[in-house]
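The lines below spell out each chain.
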Amino acid sequence: MNQMDQTKFCCSVCLDLLKDPVAIPCGHSYCMNCIKSFWDGEEKKKIYSCPQCRQTFTARPVLVKNTMLADLVEELKKTGLQAAPADHCYAGPEDVACDVCTGRKMKAFKSCLVCLASYCEKHLQTHYDVAPLKKHKLVEPSKKLQENICSRHDEVMKMFCRTDQQSICYLCPVDEHKGHDTVSAAAERTERQRELEVSRQNIQQRIQDREKDVKLLQQEVEAINQSADQTVEHSEKIFTELIHLIQKRSSDVKQQIRSQQETEVSRVKELEEKLEQEITELKRKDAELKQLSHTEDHIQFLHNYPSLSALSESTDSSSINIHPLSYFEDVTAAVSEVRDKLQDILREEWTNISLTVTEVDVLLSDPPEPKTRAGFLKYSCEITLDPNTAHKQLLLSEGNRKATLMKQQQSYSDHPDRFTGWWSVLSRESLTGRCYWEVEWRGGGVYVAVAYKNISRKGGYYECGFGHNDKSWSLDCNNNIYTFWYNNIQTRVSGPRSSRVGVYLDHRAGILSFYSVSETMTLLHRVQTTFTQPLYAGLCFNVYGDTVELIKVK
């Protein structure tokens, strides 16, 4: 049976010869346990698929062992042949290849840091079987094994130079790193691993703190929305009541006007009817008198005249007082007066309402600066000095937490970040958020500072001196006096003398505070500003022999 045929008896999930082979509805075959495990992972979606062709089945297919295929696999095993690797077992351009394989290389399963080679599972077996090889350090496949070779001595780098912060081989301390603080790479890894765990704990604690803050802010948003919705509802109800009241008063005025209109029109109509009756009566009397005037019989005239000449009592029209189109003018004036008063009230009260709305301010303020040393220690951060920034006359020790100003130059290599103008050094770590650290100094005095990374490393007083430019803030400490410097402006500072200075930074709030630390903490100087870049802790020296150490506070 040739190799091409052998590949047909491999499970595409485990890449091994089929075990208890089963065929699924699409026709592809798998180990029974492999396809079961694959479908178990899809159980939540309730849709089961083929790992090869991706055909899906809404109902989970029932698996039955393929007896014929199982017999063929068993026959293949008896021949002593092994199934050829599937194509994806071979190394591609992005994969780490086995260094032992010839021809088409297999993917590496492990890399050995001692042999500096990578091995597939087959060629790695000797590292499990041969006693000396069992001690070798195996890691995940890596293409960067050559980075573990010293370019100067062509030896494996198993040591670490703390002075220069770089990996070295066992020959390096003899020449290039002679006199440096060197340890085994394993020892440095152990220490850095401890620091890493502390950093992770700090990060995890900050994550928990920030998650609590997020929950509080979410509750605050919910409270703001709820309060705003309730206030809108209540305001609309109040204004609706006010509108209804105005509409009711408008209706009342209208009704009163119509009622009075009806009364007055009725009175006028009544008087009008009386006058019309009187006119009719007078016209009739006038006609009778006219007729009497034409009577020729004198006796008849004199007989009728007394009864016809008598007039009925006239209707009193003195109460008629005509005021065209002005009967209800006073009502309009009264309503206008009410309108003007309401407008004045609404105008005045609207200003108060508007101001009350704008005064609603949810202050997302930062927590206040701690009051006790225990409070500051919650924000303590591990800071080390960066050898690449240290002036060549500064000797770093104690894991790069201590610096001493020496008369002789140290064997530092040239670096663009190195200070050459002043006896200065910056921290390796950038500082953002809320940080606290303490500095212990001995000798004539020291500058305890923070600075932006882009502060000049060369030049004189104004270019790279801490506190003498707008890129750094510095507290000058000596046995006699404290002086704060920023942008070459000095501020005399009073406070108890102490060889230890605490520095508190709240980067987002723009707060930088210096404290004299002894049995108690005394504020020496506080800066309130806006920081536009991450900051770095800085130290600067005045006198040979002076030492400064970044203390591990607990």
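Preceding this paragraph is the structure being described.
Residues numbered from 1 in each chain as written. Predicted model: local features only at pLDDT ≥ 70, side-chain atom pairs only at ≥ 80, totals over all residues. Heavy atoms only, no water.

**Quick word on the nonpolar core**
- Counting residues in each nonpolar core, the largest one holds 38 residues, and the members touching the most others are Trp437, Trp473, Leu475, Cys477, Leu512 and Phe514.
- If near-sequence neighbours (up to four positions away) are discounted, tryptophan 437 is found in contact with Cys381, Ile383, Leu431, Val450, Val501, Gly502, Val503, Leu505, Ala537 and Leu550.
- Residues Leu17, Met32, Phe57 and Leu69 belong to the second largest nonpolar core, which totals 19 residues. (Core = buried A, V, L, I, M, F, W, Y, C linked by side-chain atoms within 4.5 Å. Buried < 20%, exposed > 50% of the residue type's maximum accessible area, 1.4 Å probe, protein only. Contact = heavy atoms within 4.5 Å.)

**Some remarks on the sheet that holds strand S14 (residues 434–442)**
- Reading across from one edge, S11-S12-S23-S14-S19-S20-S21 is the order of the seven strands in this open sheet, with antiparallel pairing throughout. Two strands in the sheet have a free side with no partner beyond their single neighbour: strand S11 (394–397) and strand S21 (521–528). Put simply, the sheet's adjacent strands are angled 20° from each other on average, direction ignored.
- Pairing between S14 and strand S23 (residues 547–551): five bridges, direction antiparallel. Bridging from a neighbouring strand, glutamate 438 pairs with isoleucine 551 of S23. (Pairing = 2+ DSSP bridges. Helix = DSSP H or I, 4+ residues; strand = E, 2+ residues; numbered from the N terminus. Axes fitted to C-alpha atoms, helices over the stretch in contact; angles between N-to-C directions.)

**Topic: unusual backbone geometry**
- With phi around 50°, aspartate 20 is a residue other than glycine that occupies positive phi space.
- Mapped onto the fold, aspartate 20 is located in the loop between helix H1 (3–6) and strand S1 (21–23).
- Residue aspartate 20 is classed as partly exposed on the basis of its relative accessible area, which comes to 41%.

**A closer look at the sheet that holds strand S16 (residues 472–478)**
- Across the sheet, which stays open at both edges, the six strands sit in the order S13-S22-S15-S16-S17-S18 with antiparallel pairing between neighbours. Looking at strand neighbours, the two that pair on one side only are strand S13 (424–431) and strand S18 (489–493), the edges of this open sheet. Adjacent strand axes in the sheet meet at a mean angle of 20° when their direction is disregarded.
- With seven bridges joining them, strand S15 (residues 445–452) and S16 adopt antiparallel strand pairing. In the sheet register, valine 448 faces S16, and the bridge partner there is leucine 475.

**Some words on the pattern of salt bridges**
- Across all of its chains, the model carries 24 salt bridges by this definition.
- Linking glutamate 140 and lysine 110 is a salt bridge whose minimum nitrogen-to-oxygen distance equals 3.0 Å. With glutamate 140 in the loop between strand S7 (138–139) and strand S8 (159–161) and lysine 110 in strand S5 (residues 110–112), this pair connects stretches of sequence that are 30 residues apart.
- The class of glutamate 140 is exposed, set by a relative accessible area of 54%.
- A salt bridge links glutamate 188 to arginine 162, with the shortest nitrogen-to-oxygen separation between them at 2.6 Å. Linking glutamate 188 in helix H6 (residues 185–293) with arginine 162 in the loop between S8 and strand S9 (166–168), this pair joins segments that are 26 residues apart in sequence. The residues glutamate 188 and arginine 162 share a single accessibility class, namely buried.
- Via salt bridges that share partners, Arg162, Glu188, Glu191, Arg192 and Glu195 belong to a single interconnected network. (Salt bridge = Lys/Arg side-chain N within 4 Å of Asp/Glu carboxyl O.)

**Here's the deal with helix H2 (residues 32–41)**
- Every buried residue of H2 is accounted for by Met32, Cys34, Ile35 and Trp39. The buried residues of H2 occupy an angular sector of 165° when the element is viewed end-on, so they sit on one face. Of the exposed residues in H2, those oriented more than 90 degrees away from the buried face are Asn33 and Gly41.
- Elements in contact with the buried residues of H2: S1, strand S2 (29–31), strand S3 (48–49) and strand S4 (56–57). (Arc of directions from axis to C-beta.)

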